[in-house]
Each structure stands twice: as structure tokens, then as C-alpha cells.
Amino acid sequence: GGLAVGFDAAKEKAYRGEAALVLLAPDASPGTQKRVRDICEEHCPVVAVHLTQYDLSAITRKPVGVLAITNKDLAALCAKAAGAAPQPPEEEPV
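Owing to the predicted nature of the structure, the values given are computational and were not obtained by experimental measurement.

## Concerning the pattern of salt bridges
For the coordinates displayed, the defined rule picks out four salt bridges. With a closest N to O distance of 2.6 Å, D38 and K34 form a salt bridge. Here K34 and D38 lie together in helix α2 (residues 30-40), a separation of four residues that amounts to about one turn. Exposure remark for D38: the relative accessible area of 43% places this residue in the partly exposed category. Classification of K34 by relative accessible area gives exposed; the value is 52%.

## Considerations on the nonpolar core
Counting residues in hydrophobic clusters, the biggest one holds 14 residues, and the most contacted among them are V22, V36 and V66. Elements that contribute at least two residues to this core include exactly α1 (7-15), β2 (21-24), α2 and β4 (66-69). Ranked by residue count, the leading element in this core is α1, at three residues. Discounting chain neighbours no more than four positions away, the residues touching V36 are F7, V22, L24, E41, V46 and V66.

Parameters and conventions
- Residues numbered from 1 in each chain as written.
- Predicted model: local features only at pLDDT ≥ 70, side-chain atom pairs only at ≥ 80, totals over all residues.
- Heavy atoms only, no water.
- Salt bridge = Lys/Arg side-chain N within 4 Å of Asp/Glu carboxyl O.
- Helix = DSSP H or I, 4+ residues; strand = E, 2+ residues; numbered from the N terminus.
- Buried < 20%, exposed > 50% of the residue type's maximum accessible area, 1.4 Å probe, protein only.
- Core = buried A, V, L, I, M, F, W, Y, C linked by side-chain atoms within 4.5 Å.
- Contact = heavy atoms within 4.5 Å.

In short, the description is geometric, and any link to function would need to be established separately.
This is the structure in C-alpha cells:
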């Protein structure tokens, strides 16, 4: 259960505060990329990876452009491998 596959699943995990990181494939549609950034970046880091949907299908068993990682240790490893250090979203001033 450390991985949510697809935009809808990733969005739900981000909204619930369960996503530690969202990965975005470079060949996801421009609309999907925009929606992921607009919605998920408020809740968790979003990292663009160099793996295509086809590459990610080795893990997910189907082509997918968006993955949410809920395990913090796995998220840190993925971010490091992608060349990005995940930063928590900035908190709104109270």
C-alpha cells in the first residue's frame, strides 16, 4: 500500500495528506501535468521523472503517468533518484 497509481488515486492521497511525493511522467498529457501540479503541489511535492509511462508500467503493470508514494522512506529514495529532494509544501500563514 505505499503506491497509488493514476491521477485520481494520487489526487485522493494528496488531499488526504497521505502522499509523501507524487511522480509525474514526462509523457503524461499536458492537461494531466497541469492538473497534477495545480492540485497536488498544495499538499505534497511533485517531481517530474525521466521515466515514461511505458517505463513505469514495469512497476504498475499498466502505462500510467502519475504515481503517489505514501511511504516517506520510499518517497525520499525516489526523489533522490530523480535528482530532487522533496520539500514539504509551504504552510499558509495563520
